[in-house]
Amino acid sequence: MQVTLKIFRYNPEEDRKKHYDTFTLEAEPTDRVLDLLERIKGNQDGTLGFRRACAHGVCGSDAIRINGVNRLACKVLVQDLKTRQVVIEPILGLPVEKDLIVDMEPFFDHYRSVMPYFVNDDPPPAKERLQSPEERERFDDTTKCILCAACTTSCPSFWVNGKYVGPSAIVNAHRFIFDSRDQAAAERLEILNEQFGVYRCHTIFNCTDACPRDIQVTQAIGEIKKALAKGSLD
Amino acid sequence: MALSRKVGLLAGAKYKGGGPMLAWALHRISGLGIILFVTLHVIASFLTQQMGSDLGISINIFYESIYFQLFIVFCAIFHGVNGFRIIVLDIWPRLIRYQKESTWLEWFVILPLYLLTAFIMIRRFLAG
Ligand code: SF4
Ligand code: FES
């Protein structure tokens, strides 16, 4: 089948504004959008800029807007699109460096701000720090994040104010806050209780829909809001 | 130089967030509608009672018109029901995974409630 891709273009060395280029190519229903981008770059326009690494939904580097909604290019098949006209644009709310490539640094700054690492000052036991299956289950969902930024850049609160820490950082805080072995939950909760923390979330739900790992992002944010309101993690 | 991170209203509105994003947008719009109504009411009362001004009467006629009343009733019903839905989800975050379903459910409450109210209002209006 023939597919037409209308792609957002911006070259910082030549353009002052964005524009769109249209490419038409043959595709199989089982081709991924990433395959189409690769083919355009290989055969039609070598200057097209986009990120990719694993091509298997693991590294999180190819989050883009496909027909108006955030997705990983390597996880969307042509047959899933239900149309042969495809509009490809960069994710919103981060500076566009070139074509589909955005500056991820502000996103990672927010990630770093929530202490996304294990904190336990007790002397390590001889073997591993034990945890029951139920305790592990408590934060299982939020361990799956691949930091693709699809959630944060789908959030209108983040579009309006880039200081909002964003769903992804909150998901990664949740992963440690509810880990029974961690000791820095109170500090993380304090960070998220700030002006640009969890209360910027207005349960718009775009993040959960955008997450390629099917993480219940809004629920994780809601659990942190509730922990803050109750003053306990139970 | 990189393009600014700014997201324009149009670019944001074009994001296909679906029902829950629409509910969020309508919650803001209906909230502004209610504020507009209350503000007009206060201004009109002040102008009429304190200053005996005709402008107050004109504002009164505007917000008591059937069109504005139909709009404001929608705002009040939507804002109330959607606000209740959000409170429920805030209290029980585990229900947030059913957010899409909850948005559908709220329309099943809002539409009959609104249509019935609008029907009664329009019938009275037509009857004079
Ligand atoms: S929560 Fe999901 S959408 Fe957000 S960064 Fe992690 S994997 Fe990506
Ligand atoms: S290229 Fe790695 S997630 Fe898509």
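Residues numbered from 1 in each chain as written. Chains lettered and ligands numbered in written order. Predicted model: local features only at pLDDT ≥ 70, side-chain atom pairs only at ≥ 80, totals over all residues. Heavy atoms only, no water.

Student: Break down the domain arrangement of chain A for me, with residues and values.
Tutor: Residue and element names in this part refer to chain A. In terms of domain boundaries, chain A breaks down into domain 1 (2–102) and domain 2 (105–230). One C-alpha centre belongs to domain 1, the other to domain 2; they are set 29 Å apart. Each partner contributes to the interface: domain 1 provides 15 residues, whereas domain 2 provides 15 residues. Between domain 1 and domain 2, the buried area comes to about 1,100 Å², and carbon and sulfur atoms account for 60% of it. Considering only the surface of domain 1 that becomes buried against domain 2, Asn70, Leu92 and Leu94 emerge as the three largest contributors, covering 38% of it. In this structure, the connection of domain 1 to domain 2 is made through one salt bridge. (Domains from an automatic or database assignment. Contact = heavy atoms within 4.5 Å. Buried area = accessible area lost by both parts, 1.4 Å probe. Salt bridge = Lys/Arg side-chain N within 4 Å of Asp/Glu carboxyl O.)

Student: Give me the site of ligand 1: which residues, what numbers.
Tutor: All names here are of chain A. Taken together, Cys145, Ile146, Leu147, Cys148, Ala149, Ala150, Cys151, Ser168, Cys211, Pro212, Arg213 and Ile215 make up all the residues around ligand 1. Of the pockets mapped on this structure, ligand 1 occupies the largest cavity. Residues belonging to the shell around ligand 1 are distributed by class as follows: ten nonpolar, one polar and one charged. (Near = heavy atom within 4 Å. 1 Å grid on protein atoms, 1.4 Å probe; cavity = no way out; pocket = protein on both sides within 12 Å on 5 of 7 lines; lining within 4 Å. Sits in = over half its atoms within 2 Å of the grid points. Nonpolar A, V, L, I, M, F, W, Y, C, P; charged D, E, K, R; others polar.)

Student: How would you sum up the packing of aromatic side chains? Please name residues and give values.
Tutor: A complete count under the given rule lists ten aromatic pairs over all chains for this structure. Ring geometry for Trp159 of chain A and Tyr15 of chain B: centres 5.6 Å apart, planes at 65°, overall edge-to-face. With Trp159 of chain A in helix α5 (residues 156–160) and Tyr15 of chain B in the loop between α1 (9–13) and α2 (19–51), the pair connects residues from two separate chains. Neither Trp159 of chain A nor Tyr15 of chain B differs from the other in exposure class; each is buried. In this structure an aromatic cluster arises from ring pairing among Phe37, Phe62, Tyr63, Phe68 and Phe71 of chain B. Here the basic side chain of Lys6 of chain A rests over the ring of Tyr20 of chain A, its NZ or CZ set 4.9 Å away from the ring centre. Here Arg175 of chain A stacks its cationic end above the ring of Phe176 of chain A, 4.1 Å away from the centre of that ring. (Phe/Tyr/Trp six-rings, centres within 6.5 Å; stacked < 30°, edge-to-face > 60°. Helix = DSSP H or I, 4+ residues; strand = E, 2+ residues; numbered from the N terminus. Buried < 20%, exposed > 50% of the residue type's maximum accessible area, 1.4 Å probe, protein only. Lys NZ or Arg CZ within 6 Å of the ring centre and 35° of its normal.)

Student: Please set out the nonpolar core residue by residue, giving values where relevant.
Tutor: Here is a general trend for soluble globular proteins: nonpolar side chains tend to be buried in one another's company. Residue and element names in this part refer to chain A. In terms of nonpolar packing, the biggest core is built from 74 residues, with Leu5, Ile7, Leu37, Ile88, Leu192 and Ile224 touching the most fellow members. Residue contributions to this core reach at least three from each of two domains, namely domain 1 (2–102) and domain 2 (105–230). Setting aside chain neighbours within four positions, we find Ile7 in contact with His19, Tyr20, Asp21, Phe23, Leu37, Ile40, Leu48, Ile88 and Leu100. (Core = buried A, V, L, I, M, F, W, Y, C linked by side-chain atoms within 4.5 Å.)

Student: Can you tell me about the interface of chain B and chain A, naming the residues and giving the values?
Tutor: Taken together, the contact between chain B and chain A spans 25 residues of the former and 37 residues of the latter. A buried area of about 2,600 Å², summed over both sides, lies between chain B and chain A, and 58% of it is on carbon and sulfur atoms. By the criterion of area lost to chain A, the three top residues of chain B are Leu3, Arg5 and Tyr15 of chain B, representing 30% of everything that side buries. Taken together, the links from chain B to chain A amount to one salt bridge. For Lys100 of chain B, the salt bridge is made with Asp209 of chain A, and the minimal N-O distance between the two is 3.4 Å. Scanning the region where chain B abuts chain A turns up twelve residue pairs in polar contact (both at pLDDT 80 or more). For the side of chain B that touches chain A, the secondary-structure elements that each account for two or more residues are α1, α2, α4 (66–91) and α5 (99–127) of chain B. A class-by-class count of the residues in the side of chain B that touches chain A yields 13 nonpolar, four polar and eight charged. (Polar contact = N/O pair within 3.5 Å; in protein donor to acceptor, adjacent residues only side chain to side chain.)

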